[in-house]
Amino acid sequence: MVLCAVRRQLLGCSSSCGAWARMLQRQSSGCVYSSTHGFNLEEIKEKLQAFPGGSIDLLKQESGIAVLTINNPSRMNAFSGSMMVDLEERVSQLESWTDCKGLIVQGAAETFCSGSDLNAVRAISNPQDGMKMCMFMQNALTRLLSMLTEYFTQCRLPLISVALVEGRALGGGAELTTACDFRLMASGSVIQFVHKHMGLVPGWGGAARLVRIVGSQNALKLLGGAVKADPGLGLQIGLADGVLEVPQAEEGADTLLQQAENWLSHYTKGPAPVIQAVKKVVLSGRELPLSEALRTEKDVFGTVWGGPANLQALASKSKHK
Ligand SMILES: CC[C@@H](C(=O)O)C(=O)SCCNC(=O)CCNC(=O)[C@H](O)C(C)(C)COP(=O)(O)OP(=O)(O)OC[C@H]1O[C@@H](n2cnc3c(N)ncnc32)[C@H](O)[C@@H]1OP(=O)(O)O
């Protein structure tokens, strides 16, 4: 009890010990949902594994840029239950990759993702199972984007991410694009929140993130109208951060993935600790109250001030006396 009182005093936290303990437990688990929400990770993983098909493949490269591929081409890269479990495990792998700087999320076979596997959706269409799948995917995608919430106040995946959208990103696939910092759309591609046509709204956190990306009016139009956002509209409303030309068959043209890596490398060039610090200070500036954001910035600044990259930069400028 004393510890709670001290912690409350130090942090000005007026919450009860119980709430603080629950928050710490959620914070330490790094997730939005925990057992206090009736969320049992192992139970939902077992249920999702019952719907096999496809995979989520992860390639970690020397450059510090990883490539995550949604791989279920026979189903337009629809997310089977086992792919949802794969995704959570790949996020955990990325969180333990200390040299990470960037991530590109793409789909296999020239398309992005057509959302949840409808066969799985039909089988778990009861409210209880739907809620559990929703909480599972929200936890995984919140960690992927390393969004800061009142429970998840530590950036565990400080990399800069890009959704490389080719073909179609529909439903949960559209939501997955919003769990990346940037979206690069190939010519002819479409991002469409088709949820309304399914009698649904986003459940993987896509609505909350979409409002932050395009604003509430544009989000209302995209969701209310199930609007097909092509690259032109995407650029216009800020949903897309760039448009890539699909390379023709001629030899030597950069693939879409190479174009995306070239684009991302402008922002990930430099030592991993510095790039990771950039993501952390931007995240906290975006999502924390000002005083907390300033404290976080101070703390992150302290991790790079006088560090190897800083000292090397100073040494290289020593001739400028
Ligand atoms: C939280 C959101 C989340 C949820 O509520 O759980 C969702 O995402 S719900 C799902 C939302 N997604 C959709 O509604 C898209 C459904 N698919 C389509 O509309 C079309 O397939 C397409 C993506 C527009 C492509 O159309 P087309 O080019 O005509 O190809 P096919 O329709 O023949 O598809 C090829 C093949 O792929 C199978 N497929 C496609 N999408 C899915 C899917 N989401 N789930 C399962 N299977 C899917 C489709 O059935 C075809 O298979 P075969 O019939 O065996 O050839």
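These lines cover the structure that appears in this document, whether it is placed above or below.

How each quantity is defined
- Residues numbered from 1 in each chain as written.
- Predicted model: local features only at pLDDT ≥ 70, side-chain atom pairs only at ≥ 80, totals over all residues.
- Heavy atoms only, no water.
- Helix = DSSP H or I, 4+ residues; strand = E, 2+ residues; numbered from the N terminus.
- Contact = heavy atoms within 4.5 Å.
- Areas by Shrake-Rupley, 256 points an atom, 1.4 Å probe, with all protein chains shown as cover.
- Salt bridge = Lys/Arg side-chain N within 4 Å of Asp/Glu carboxyl O.
- Buried < 20%, exposed > 50% of the residue type's maximum accessible area, 1.4 Å probe, protein only.
- Expected span 1.5 Å × (residues − 1).
- Patch = residues over 30% accessible without salt bridge, like charges linked within 9 Å, V, L, I, M, F, W, Y side chains within 5 Å.
- Near = heavy atom within 4 Å.
- Polar contact = N/O pair within 3.5 Å; in protein donor to acceptor, adjacent residues only side chain to side chain.
- Nonpolar A, V, L, I, M, F, W, Y, C, P; charged D, E, K, R; others polar.
- Axes fitted to C-alpha atoms, helices over the stretch in contact; angles between N-to-C directions.
- Parallel < 35°, antiparallel > 145°, perpendicular 65-115°, else oblique.
- Core = buried A, V, L, I, M, F, W, Y, C linked by side-chain atoms within 4.5 Å.
- Phe/Tyr/Trp six-rings, centres within 6.5 Å; stacked < 30°, edge-to-face > 60°.

Quick word on the overall build of the protein
Secondary structure assignment for the protein yields 14 helices and nine strands. Sequence separation of 24 or more characterises 69% of the internal contacts of the protein that already satisfy a separation of 6 or more. For the protein, the accessible surface area stands at approximately 15800 Å², while carbon and sulfur atoms represent 57% of it.

Considerations on the pattern of salt bridges
The final tally for this structure, using the stated rule, is ten salt bridges. E95 is the salt-bridge partner of R143, the closest N and O atoms lying 2.8 Å from each other. Of the two residues, R143 is situated in helix α6 (residues 127-145) and E95 in helix α4 (residues 81-95); the sequence distance between them amounts to 48 residues. Assessed through its relative accessible area of 7%, R143 is described here as buried. Sharing partners across several salt bridges, the network here consists of K45, E88, E89, E95 and R143.

Focus on α4
Between its terminal C-alpha atoms α4 stretches 22 Å, which fits the 21 Å expected from 15 residues at 1.5 Å a residue. Buried residues dominate α4, accounting for eleven of its 15 residues. Among the structural elements, α3 (41-49), β1 (55-60), β2 (65-71), β3 (102-107) and α6 are those in contact with the buried residues of α4.

What about a nonpolar patch on the surface?
Together, L118, M198 and L200 line one region of the surface with nonpolar side chains, adding up to about 270 Å² of accessible area. Turning to its location among the elements, L118 is positioned in helix α5 (residues 118-123).

Structural notes on the site of the ligand
Residues in contact with the ligand amount to 22 residues; listed here are only the nearest, S114, S116, L118, G172 and L200. In this structure, an oxygen atom belonging to the ligand sits 3.1 Å away from a side-chain N or O atom of R75. A distance of 2.8 Å separates an oxygen atom of the ligand from a polar atom in the backbone of G172. Here the ligand loses 62% of its free accessible area of 1000 Å² to cover by the protein chains. When contributions to the shell around the ligand are tallied by element, the ones reaching two or more residues are α5, β5 (168-170) and α7 (172-178). Residue classes in the shell around the ligand are distributed as ten nonpolar, eight polar and four charged.

Side note on helix α11 (residues 256-268)
One turn of an α-helix holds 3.6 residues; hence residues three or four places apart share an orientation. Here α11 spans 18 Å end to end across 13 residues, near enough to the 18 Å set by a 1.5 Å rise per residue. As for α11, its buried residues are in contact with β2, β3, β4 (160-165), β6 (182-186), β9 (242-244) and α12 (272-287). Immediately beyond the C-terminal end of α11, within one or two residues, lies G270, with a positive phi of roughly 130°.

So, the packing of α3 against α4
Working note: a packed helix pair is described by the angle between its axes plus the distance between those axes. Their axes nearest at 6 Å, the elements α3 and α4 cross at an angle of 135°. The angle between α3 and α4 places the two elements in the oblique class. In this structure, α3 uses L41, K45, L48 and Q49 to contact α4, whose residues at the interface are G81, S82, M84, V85, E88 and E89.

With respect to the nonpolar core
Counting residues in each nonpolar core, the largest one holds 51 residues, and the members touching the most others are I70, F79, L87, F112 and I191. Broken down by element, the residue count for this core peaks at seven residues, all from α6. For L87, the residues in contact, after removing those within four places along its chain, are I56, L68, F79, M137, A140 and L141. Listed in part, the 13 residues of the second largest apolar core include L184, A186, L244 and W263.

So, the packing of aromatic side chains
Considering all chains together, one arrives at five aromatic pairs under this definition. Residues F182 and Y267 carry aromatic rings whose centres are separated by 6.1 Å and whose planes lie at 25° to one another, so their mutual orientation is stacked. One end of the pair, F182, is in strand β6; the other, Y267, is in helix α11, with 85 residues separating them in the sequence. Note on Y267: relative accessible area 43%, which makes it partly exposed. Here the aromatic cluster, defined as three or more aromatic residues joined through ring pairs, consists of F182, W263 and Y267.

Observations regarding the environment of K132
Among the structural elements, K132 can be located in helix α6. Owing to a relative accessible area of 21%, K132 belongs among the partly exposed residues under this scheme. Placed 88 residues apart in sequence, K132 and I44 show a C-alpha to C-alpha distance of 6.5 Å. In this structure K132 touches F39, E43 and I44, once residues within four positions along its chain are discounted.

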